[in-house]
Amino acid sequence: MPSSEAMAHSTACAAMLIEAIREAGGWLSFADFMALALYAPGLGYYAAGARKFGAAGDFITAPEISPLFGACVARSVADTIVATKGDLLELGPGTGQLAFDMLLALEKLDALPRKYFLLEVSADLRQRQREKLATLPPAIFARCEWIDSLPVDFAGAVIANEVLDVVPVHLVVFGAEGMLERGVACLEEKFVWRDAPVASAEVQAMADTVNRAVFNHAPPPEPQGYVSEFAPQATALTASLMHSLKAGVVLLIDYGFRRAEFYHPDRRTGTLMCHYRHHAHTDVFLHPGLQDITAHVDFTSIAGAGVAAGGELIGYATQANFLLGAGITDLIAQHDPNQAAGYLALTNQAQRLLSPAEMGEFFKVIGFAKGPHTIAALQNSRQLPL
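What counts as what
Residues numbered from 1 in each chain as written. Predicted model: local features only at pLDDT ≥ 70, side-chain atom pairs only at ≥ 80, totals over all residues. Heavy atoms only, no water. Buried < 20%, exposed > 50% of the residue type's maximum accessible area, 1.4 Å probe, protein only. Helix = DSSP H or I, 4+ residues; strand = E, 2+ residues; numbered from the N terminus. Pairing = 2+ DSSP bridges. Core = buried A, V, L, I, M, F, W, Y, C linked by side-chain atoms within 4.5 Å. Contact = heavy atoms within 4.5 Å. Axes fitted to C-alpha atoms, helices over the stretch in contact; angles between N-to-C directions. Expected span 1.5 Å × (residues − 1). Parallel < 35°, antiparallel > 145°, perpendicular 65-115°, else oblique. Left-handed = near helix turned anticlockwise from the far one by under 90°. Nonpolar A, V, L, I, M, F, W, Y, C, P; charged D, E, K, R; others polar. Salt bridge = Lys/Arg side-chain N within 4 Å of Asp/Glu carboxyl O. Phe/Tyr/Trp six-rings, centres within 6.5 Å; stacked < 30°, edge-to-face > 60°. Lys NZ or Arg CZ within 6 Å of the ring centre and 35° of its normal. Polar contact = N/O pair within 3.5 Å; in protein donor to acceptor, adjacent residues only side chain to side chain.

1. Describing the pairing of strand S16 (residues 363-370)
Summarising burial for S16: eight of the eight residues are buried, a large majority. Of the two faces of S16, the one holding Phe363, Val365, Gly367 and Ala369 and the one holding Lys364, Ile366, Phe368 and Lys370 are both buried throughout. Summarising the sheet, strand S10 (residues 245-257) and S16 pair through eight bridges and their orientation is antiparallel. The residue of S16 that forms the bridge with glycine 248 is lysine 370.

In structure tokens, the structure reads:
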């Protein structure tokens, strides 16, 4: 259970959400609810000061598991950084661990970027990132720069690890009454689901595509309807990244599926998931402001958005195949197996990153390029269908 201080914070966040619902006329799209619950200044999950990453937080990301992850990502973009003589941009840098590991790895590869830009919306996380990266050698730390918006005519490499899954999503119900949008209302100061006509043309278009391409105009018959997520903000973000890129590559890493798998008839309640103190559950109304809310990524839509915005699709593969292509086994081999404790720890970390039962197949990697650039580790991986 949360502490009394944490519960007071959650109560304040809930009151803010209830007021937002009232101001909106008694109904709020889930995308707006999710955006406020995660990002409202001072109250949202990512805008408040509670620790989120690592053993003391709510979940662990790949960079927190092992420096092997950052070293592999660095290897995959080093050629582009050298070729463009450009920069590196990371979206949602979390604790700063990925930036830390990548910068050290890029220094060894003689491929340090001119600047390492960090785009972070949370003031609390920015401070933690600064504290982490300030422990780097001063000449490397001097390359780090925090920014508030995407740069224009960017040259180099763009990285986003576990960013798309926390972009707010709309919920659509396919049922006997056609397609409706599921939003949030209040009943006696409690959050409840309520359906309404789909108001967003973008959401309607995405739902129409799934209805036609996946369901063949006949969504799976379910007593309570078939519910799933649509993320126009995620495709818009992908397009924005490609528009801001003049030359280089974009690498997106997250958990999700291609469209035919995402909207599979058996996945009738969608993919929404919450994380609180390393417990995963589906109650999005529990402890607002204290828990993460995520949804899987429809990589077919991401691929389409990137290409439509002028990018060339490099590849789409599992995290395991990508890391193997980036030389994770070579990195392990560089360590002395006679130093049993350190070598065993490293192999255990690699197992978590690669195993199908852990992150290896659950997470996917998709990449785009502009100009004569590529990501060999991804391009040469076994490709998944989109």
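2. Structural notes on the nonpolar core
The biggest cluster of nonpolar side chains holds 56 residues, and the ones touching the most others in it are Phe30, Phe191, Leu252 and Ile293. No other element matches the seven residues that helix H1 (residues 4-23) contributes to this core. For leucine 252, the residues in contact, after removing those within four places along its chain, are Ala160, Leu164, Thr238, Leu241, Ile302, Lys364, Val365, Ile366 and Phe368. Counting 53 residues, the second largest nonpolar core, distinct from the first, contains Leu68, Leu133, Val249 and Leu251.

3. Section: the environment of proline 288
The residue proline 288 is located in the loop between strand S12 (279-281) and strand S13 (292-294) in this model. For proline 288, a relative accessible area of 8% translates into the label buried. C-alpha separation for the pair proline 288 and alanine 47, spaced 241 residues apart in sequence, amounts to 12 Å. Leave out the neighbours within four places in its chain, and proline 288 touches Ser10, Cys13, Ala14, Leu17 and Phe191.

4. What to know about the sheet that holds S13
Pairing is antiparallel in the open sheet, where three strands are placed in the order S12-S11-S13. Edge positions in the sheet fall to S12 and S13, since each of these pairs with one other strand and no more. Neighbour-to-neighbour, the strand axes of the sheet open up by a mean angle of 25°, direction not taken into account. Looking at chain direction, strand S11 (residues 273-276) and S12 are connected through three bridges and run antiparallel. By the bridge assignment for S12, cysteine 274 is matched with histidine 281.

5. Quick look at helix H5 (residues 97-108)
Here H5 is 12 residues long and its end C-alpha atoms lie 17 Å apart, about the 16 Å a rise of 1.5 Å per residue gives. By the criterion of burial, H5 is predominantly enclosed, with nine of the 12 residues buried. Every buried residue belonging to H5 is among Gln97, Leu98, Ala99, Phe100, Asp101, Met102, Leu103, Ala105 and Leu106, and all of these are buried. Positive backbone phi, approximately 55°, marks aspartate 110, located one or two places after H5.

6. Describing the packing of H1 against helix H2 (residues 30-39)
Contact geometry for H1 and H2: axes closest at 10 Å, N-to-C directions at 150°. Taken as axis vectors, H1 and H2 run roughly antiparallel relative to one another. In this structure, the crossing between H1 and H2 has a hand that is right-handed. On the side of H1, the interface is formed by Met16, Leu17 and Ala20, while H2 contributes Phe33, Leu36 and Ala37. Tallied by class, residues from the contact of H1 with H2 come to six nonpolar, no polar and no charged.

7. Quick look at the pattern of salt bridges
Going through the model one piece at a time under the given rule, you end up with eight salt bridges. Ionic pairing is found between aspartate 195 and arginine 182, a salt bridge with its closest N-O pair at 2.8 Å. Of this pair, aspartate 195 sits in strand S8 (residues 190-197) while arginine 182 sits in strand S7 (residues 178-187), and the two are 13 residues apart along the sequence. A relative accessible area of 33% means that aspartate 195 is categorised as partly exposed.

8. Details of unusual backbone geometry
Residue aspartate 153 is not a glycine yet carries a positive backbone phi of 55°. By secondary structure assignment, the location of aspartate 153 is in the loop between strand S4 (144-147) and strand S5 (154-161).

9. Description of the packing of aromatic side chains
The final tally for this structure, using the stated rule, is 19 aromatic pairs. Judged by centre distance (5.7 Å) and plane angle (20°), the ring pair of tyrosine 39 and tyrosine 46 falls under stacked. Judged by relative accessible area, tyrosine 39 falls into the partly exposed class, the value being 30%. Aromatic ring contacts, followed pair by pair, group Phe174, Phe215, Tyr226, Phe230, Phe262 and Tyr263 into a single cluster. The ring centre of tryptophan 146 lies 4.2 Å from the NZ or CZ of arginine 130, which sits over that ring. Taking NZ or CZ as reference, lysine 132 lies 4.4 Å from the ring centre of phenylalanine 100, over its face.

10. Observations concerning the environment of threonine 135
Among the structural elements, threonine 135 can be located in the loop between helix H6 (123-133) and helix H7 (138-141). You can call threonine 135 exposed: its relative accessible area is 56%. Spatially, the C-alpha atoms of threonine 135 and leucine 286 are 37 Å apart, while their sequence positions differ by 151 residues. Of the polar contacts made by the side chain of threonine 135, one reaches the backbone oxygen of lysine 132; its length is 2.6 Å.

11. Details of the environment of valine 214
Checked against the element boundaries, valine 214 lands in the loop between helix H8 (201-213) and strand S9 (226-230). For the pair formed by valine 214 and proline 265, sequence separation is 51 residues and the distance between their alpha carbons is 8.8 Å. Excluding residues within four positions of it along the chain, valine 214 makes contact with Thr209, Arg259 and Tyr263.

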